[in-house]
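Descriptive structure summary
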Number of protein chains: 2
Amino acid sequence: MLASKLYCPTLRDDPAEAEVASHKYMLKAGMIRKNASGFYSFLPLARRGVLKIEKIIREEMDKTGAQEIMMPIVQPAEIWQESGRWDVYGKEMFKLADRHGNEYCLAPTHEELITTLVRNELRSYKQLPVNLYQIQNKYRDEIRPRFGLMRSREFVMQDSYSFDTDQEGLEKSYQAMYEAYSRIFTRCGLQYRTVLADSGQIGGKHSHEFMALAASGEADIVTCTQCAYAADVEQATPNPLQAAAEPLQAIEKFATPHCSTIEDLVQAAGVPAEKTIKAVALDIDGKLVLCMVRGDHEVNEVAVQHVVGGHDATPASAELLQKYGLVPGYMSPLGAAKASEQFHILVDPTAMQIYNGVTGANEEGFHYRHVTPSRDFTGVQVAAIRLITAADGCPECGAPVQLTRGIEVGQVFQLGTKYSEALQASFLDKDGKAKPFVMGCYGIGVTRTMAAAIEQYHDERGILWPVAIAPYEAVILPLNMKDEVMVTTARELYTQLSADSSEIVLDDRPERAGVKFNDADLIGYPVQIVVGKDTKTKGTVEIKVRRTGVKEVVPVHTAVGRVQAILRELRASGQ
Amino acid sequence: MLASKLYCPTLRDDPAEAEVASHKYMLKAGMIRKNASGFYSFLPLARRGVLKIEKIIREEMDKTGAQEIMMPIVQPAEIWQESGRWDVYGKEMFKLADRHGNEYCLAPTHEELITTLVRNELRSYKQLPVNLYQIQNKYRDEIRPRFGLMRSREFVMQDSYSFDTDQEGLEKSYQAMYEAYSRIFTRCGLQYRTVLADSGQIGGKHSHEFMALAASGEADIVTCTQCAYAADVEQATPNPLQAAAEPLQAIEKFATPHCSTIEDLVQAAGVPAEKTIKAVALDIDGKLVLCMVRGDHEVNEVAVQHVVGGHDATPASAELLQKYGLVPGYMSPLGAAKASEQFHILVDPTAMQIYNGVTGANEEGFHYRHVTPSRDFTGVQVAAIRLITAADGCPECGAPVQLTRGIEVGQVFQLGTKYSEALQASFLDKDGKAKPFVMGCYGIGVTRTMAAAIEQYHDERGILWPVAIAPYEAVILPLNMKDEVMVTTARELYTQLSADSSEIVLDDRPERAGVKFNDADLIGYPVQIVVGKDTKTKGTVEIKVRRTGVKEVVPVHTAVGRVQAILRELRASGQ
């Protein structure tokens, strides 16, 4: 490709609207343009990148025996009403009506459609397992689209659905997809971790997320520094921390005016935060749940919901607290109204281990000291309800952990029979009985994967593409288009390198050397071949690897072989 | 691929809803399923076919220097309002609103979006020409979706847009696309003709359609039996027919009660239809246009509009006729009120050549005979306004023509500056002046192309795929899965043929031979390799070419080479 022909309108200035690197550089490198909030056009460079990711996905999916299909984006309301998700999705789902007034949505996902597609057609256990996938636009009416392709309203996803006869089969299908996705992200050159995840709105029991590690990620994850453990922080169950045993003292009320925070209390009571017990009151589907954790810990609402069930958790209102005799800022199980049987009290195991600690007295301006929950808390349930911290050990091996951030680029779910039961999709099993399919579903954010790669690989000058998904692999930079030797040499190199590759760009624009260097660094061609003054005087060209910055000077006649060798190395190393 | 794993739910009975062959066979062969009126899922076989067509398109488009992009399907109302098409499209456009109440459409086409995409970014004549294309779902809310993929509401299109500095450049871009499209349809194995076409709603001055010839097509086209001439019948300008000269007789009114049709008139007047002159009154944007053609000819409304301009042509109302003194059933330029200057009268040249003919007297129950328009019609405009017939000669070479039907699978348009002017998209020309882009647009119905191939190539048993777009190229049919020799032989052939091809299916299902033959013929694998009793007794297999029905029996050890040779031949011949 000749740069003079490539439609790639690079920008000189950083776009003001971009908050993250991928958004900034894709705009600046002329890869994407916004057409409306959350809706983007992919210009040639970005389209090439996406096609490369799609090709990797197809190859790895096909290897597993999964088969590609294409389902409609526009889907009838009925099947979503049948599954019960027409209303659950709420405003995140784009809805529309046709000329006859029939209702449809723009699919955010395809569980309903695929289940109705195979019901009555996949009939026998002999046909199973089946795994069907597609690569297609998906739609979510995000309340606040942002970060460019990271959170857009229209995006490309690969989604896959497996159908098995039983849980054992599902686990095999799940494992095959887990491994295929791992190979896909590895081939795309991403640094990622798989983490235990919440299955959220989609339902199901077991789920992993593929997280591209990046400071700009929206997800908090915890990873072990020693073993393979990694989880969404909300899915991590930290081990209880043991406190040194002490002689128990008698419980005692004391005045703590204006001490409604742990910081205030630590000051007032003269004890470290680890000696305090914090209360958080939640309203879960209208029911009060009082959560007790150590003062320096935070409540994990997802863990609380796993214990008590329910859908919507919000902070409890003043009215609800009053009903049960709880005093905001001074809450604890102690001194709460006798109604304690009527609401749920959860105490984290680490808080349960405290000796002679401090907690609220349910009386404005007063706390108790010398509180030992194992002695003093009654009618409570002990359950792991705190968020893991960087000070905790790995839940699996006890080694130090790291808290980091990730971009969710893929997720795998064991759905079980949620959709096959709701939509009455069954097969005849060996025993002649109709049974619901045991389903899994799997997804990769294709356009988000491209953005995540840029979040991981960039510097202050531009993108540092992994070669596997770079729009082009190499650029030839003749620094002066008026110099015949440079132009001729560059064209010859281009002809030779292009003979068996469509991955080469010749920057034949009549621009200054500085402009060419800037654009090459910005666009992030993995390899740059500089044809400059030394080509005239010494018969050499400079080959630069963009990511490492390593340069080498080679004679013109060996340049083609050397560039090919470098590209082979980059491809093999996954860089 | 093993047939036991292939998700391909074939049907035994013809689906009642299917009116055309492609719809019937795609349903029956388990290729597509309807999810809602006009919305289909593409199962693995159909998806493979579509991907093959897309690959051919990409290769041919890239050869021309066109660059692939991806624009949003969901587009903001504003750009359609700016071009004036938000309302013009009417109910054919799916519209929706987001959670904030902003209006969008599901794009039926992308002229508006691409024009706004490049405006302000394609700035100089030096950057031109540019041609950008995409392959993507398009949406049209058809009033009556039908014929399966032929007229669906969601379909895959390739659309391409060229930007040039002037008409000369546009013509070059247009020609390059015309040739690329020709190569694409040829490679897809379609029998097609390119015809001069009306540019319709999309605007612009010059257009060709690519018509796959098929009796089930919805378009009437005329082709020459000798030269390359082909046109949409509405675009064909038939040559005037000469009548033998006669001595002119004096015009004479005569009674013709209840003779408001040509058939009646021929009876009553005792003359052939070629001696009568028919009148058709049109209301074009509120103006009356009286069209005169020979009695055995039909008026071509598109041609009339080309002559007089205007947008909407409808039959003139009784009120409008009365206003100008025209009497329905007895209309002609003769005896019409003196207002004849105030309305347009068009006379087809062939009608103009009639001697001593018959036409209306604008008086209920009366006609004139011995009418010679060249003598008797005044204040009229002579213009070619009739539809061509099978009796006409080729407009180009005079040889006999054929009227036939076609499926529009592609169209190329010279748009000119319609959109660049409406959306203020300009570039700086050599002379330093801002000028609107001179644009072309080009489209291929990808999914319709697949359907059209089936319309052309099928028999009473199923599909006769062109090998280039067949979902798989060959199937191996072991006729008895309990026979060890057959199974072993079939598996060995499969292993060998699959070594360098993903195009082979092994029908390893424990089905009867009849079921396997039926499915193989229905699905239309171009080559069938039958492993049956002769394999055991004589060491041979039968190779059948599905389209021609030609069979050959070869020893097992030469079968692989022979199948590969046959496939090479089929690919080379474009069958």
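Remember, predicted model here, so these are calculated numbers, not experimental data. (Residues numbered from 1 in each chain as written. Chains lettered and ligands numbered in written order. Predicted model: local features only at pLDDT ≥ 70, side-chain atom pairs only at ≥ 80, totals over all residues. Heavy atoms only, no water.)

**Structural notes on the overall build of chain A**
In terms of regular secondary structure, chain A is built from 17 helices and 31 strands. Oriented by its inertia axes, the alpha-carbon framework of chain A measures out at about 95 × 65 × 45 Å. With 575 residues in all, chain A has 58% of them scored as buried. For chain A, the proportion of contacts with a sequence separation of at least 24, taken over those separated by at least 6, is 69%. For chain A, the accessible surface area stands at approximately 23,500 Å², while carbon and sulfur atoms represent 49% of it. For chain A, the distance from the average site of its 62 positive side-chain charges to the average site of its 74 negative ones is 6 Å. (Helix = DSSP H or I, 4+ residues; strand = E, 2+ residues; numbered from the N terminus. Buried < 20%, exposed > 50% of the residue type's maximum accessible area, 1.4 Å probe, protein only. Contact = heavy atoms within 4.5 Å. Areas by Shrake-Rupley, 256 points an atom, 1.4 Å probe, with all protein chains shown as cover. Lys, Arg positive; Asp, Glu negative; His and termini not counted. Charge placed at Lys NZ, Arg CZ, Asp CG, Glu CD.)

**Description of the relation of the copies chain A and chain B**
Superposition record for chain A on chain B: RMSD 0.3 Å, screw rotation 180 degrees, translation along axis 0.0 Å. Given the turn and translation reported, the copies of this chain are related as if by a two-fold rotation axis. Rotation axis and chain A: the residue whose C-alpha lies nearest the axis is A:Leu96, separated from it by 2.7 Å. Here 100% of the contact residues of chain A are again contact residues in chain B; the copies associate through an equivalent surface. (Least-squares fit on C-alpha atoms with pLDDT ≥ 70 in both.)

**Here's the deal with the domain arrangement of chain A**
The assigned domain composition of chain A is domain 1 (48-236 + 403-455), domain 2 (252-382) and domain 3 (472-573). For domain 1 of chain A and domain 3 of chain A, the distance between their C-alpha centroids amounts to 41 Å. (Domains from an automatic or database assignment.)

**What to know about the interface of chain A and chain B**
Counting residues at the interface gives 52 residues for chain A, matched by 52 residues for chain B. Here chain A meets chain B over a buried area of about 4,800 Å², counting both sides, of which 58% is carbon and sulfur. Among the residues chain A hides against chain B, the three largest losses belong to A:Tyr7, A:Met70 and A:Arg99. Together they make up 18% of the total. As a salt-bridge pair, A:Glu68 and B:Arg47 come within 3.0 Å of each other at their nearest N and O atoms. The interface formed by chain A and chain B includes 20 residue pairs in polar contact (both at pLDDT 80 or more). (Buried area = accessible area lost by both parts, 1.4 Å probe. Salt bridge = Lys/Arg side-chain N within 4 Å of Asp/Glu carboxyl O. Polar contact = N/O pair within 3.5 Å; in protein donor to acceptor, adjacent residues only side chain to side chain.)

**Looking at unusual backbone geometry**
Residues and elements named next belong to chain A. In this structure, the amide linkage connecting Leu 128 to the following residue, Pro 129, adopts the cis form with an omega of 0 degrees. Looking at the secondary structure, you find Pro 129 in the loop between α5 (111-118) and β7 (130-139). One non-glycine residue, Asn 356, lies in positive phi territory at about 50 degrees. Among the structural elements, Asn 356 can be located in the loop between α10 (349-352) and β18 (357-363).

**A look at the pattern of salt bridges**
Under the counting rule described, the total for this entry stands at 87 salt bridges over all chains. Between A:Glu60 and A:Arg183 there is a salt bridge, and its shortest N-O distance comes to 2.6 Å. Here A:Arg183 lies in helix α6 (residues 167-187) and A:Glu60 lies in helix α2 (residues 44-63), a separation of 123 residues in the sequence. Of the charged contacts, one joins B:Arg294 and B:Asp296 as a salt bridge, the two residues approaching to 2.9 Å between their closest N and O atoms. Note on B:Arg294: relative accessible area 14%, which makes it buried.

**Structural notes on the environment of B:Glu363**
All names here are of chain B. Tracing the sequence through the fold places Glu 363 in strand β18 (residues 357-363). Residues Glu 363 and Gly 329, 34 residues apart in the sequence, show an inter-C-alpha distance of 9.1 Å. When near neighbours in sequence (up to four residues on either side) are disregarded, Glu 363 contacts Lys 253, Val 327 and Tyr 330. Here Lys 253 takes part through its side chain, which lies 2.6 Å from a polar atom of the side chain of Glu 363.

**A short note on the packing of helix α14 (residues 484-498) of chain B against helix α17 (residues 556-573) of chain B**
Residues and elements named next belong to chain B. With their axes 10 Å apart at the nearest point, α14 and α17 run at an angle of 40 degrees to one another. Handedness of the crossing formed by α14 with α17: right-handed. Judged by residue contacts, Thr 489, Leu 493, Gln 496 and Leu 497 of α14 engage Val 556, Ala 559, Val 560, Val 563 and Gln 564 from α17. Tallied by class, the residues present in the contact of α14 with α17 amount to 6 nonpolar, 3 polar and no charged. (Axes fitted to C-alpha atoms, helices over the stretch in contact; angles between N-to-C directions. Left-handed = near helix turned anticlockwise from the far one by under 90°. Nonpolar A, V, L, I, M, F, W, Y, C, P; charged D, E, K, R; others polar.)

**Here we look at helix α14 (residues 484-498) of chain A**
Residue and element names in this part refer to chain A. Over its 15 residues, α14 extends 21 Å from the first C-alpha to the last, a length consistent with the 21 Å expected when each residue adds 1.5 Å. Taken residue by residue, α14 has Met 486, Val 487, Thr 489, Ala 490, Leu 493, Tyr 494 and Leu 497 as its buried positions. The arc enclosing the buried residues of α14, seen along the axis, measures out at 165 degrees, which places them on a common side. Seen from the buried face of α14, the exposed residues on the opposite side, beyond 90 degrees, are Glu 484 and Thr 495. In this structure Asp 483 caps α14, since a side-chain oxygen of it lies 3.0 Å from the backbone nitrogen of Val 485. (Expected span 1.5 Å × (residues − 1). Arc of directions from axis to C-beta.)

**A closer look at the nonpolar core**
All names here are of chain B. Among the nonpolar cores identified, the biggest contains 91 residues, and Met 31, Tyr 181, Met 450 and Ile 476 are the most heavily contacted of them. The residues that make up this core include at least three from each of domain 1 (21-72 + 107-236 + 403-455) and domain 3 (472-573). Once residues within four sequence positions are removed from consideration, Met 450 is found in contact with Met 26, Met 31, Phe 42, Ala 46, Gly 49, Val 50, Ile 53, Leu 149 and Trp 465. (Core = buried A, V, L, I, M, F, W, Y, C linked by side-chain atoms within 4.5 Å.)

**Quick look at the confidence of the model for chain A**
Summary statistics for chain A give a mean pLDDT of 94 and a share of 98% for residues scoring 70 or more. Across the interfaces of the predicted complex, the ipTM metric reaches 0.87, alongside a pTM of 0.87. (pLDDT = per-residue confidence, 0-100.)

**Side note on the sheet that holds strand β13 (residues 252-255) of chain B**
Residue and element names in this part refer to chain B. With respect to topology, 3 strands assemble into an open sheet ordered β13-β19-β18, the strand pairing being antiparallel. With one partner strand each, in any of the chains shown, β13 and β18 form the two edges of the open sheet. The sheet shows a mean angle of 35 degrees between the axes of neighbouring strands, direction not considered. Strand direction decides the pairing type here: β13 and strand β19 (residues 366-371), joined by 4 bridges, are antiparallel. The residue of β19 that forms the bridge with Lys 253 is Tyr 368. (Pairing = 2+ DSSP bridges.)

**Topic: the environment of B:Leu334**
Residue and element names in this part refer to chain B. The topology assignment puts Leu 334 in the loop between α9 (318-323) and β17 (344-347). Taking the C-alpha atoms as reference points, Leu 334 and Leu 346, 12 residues apart in sequence, are found 13 Å from one another. Leaving out residues up to four positions away in the same chain, Leu 334 has contacts with Ile 251, Thr 359, Gly 360, Ala 361, Asn 362, Tyr 368, Val 371, Asp 376 and Phe 377.

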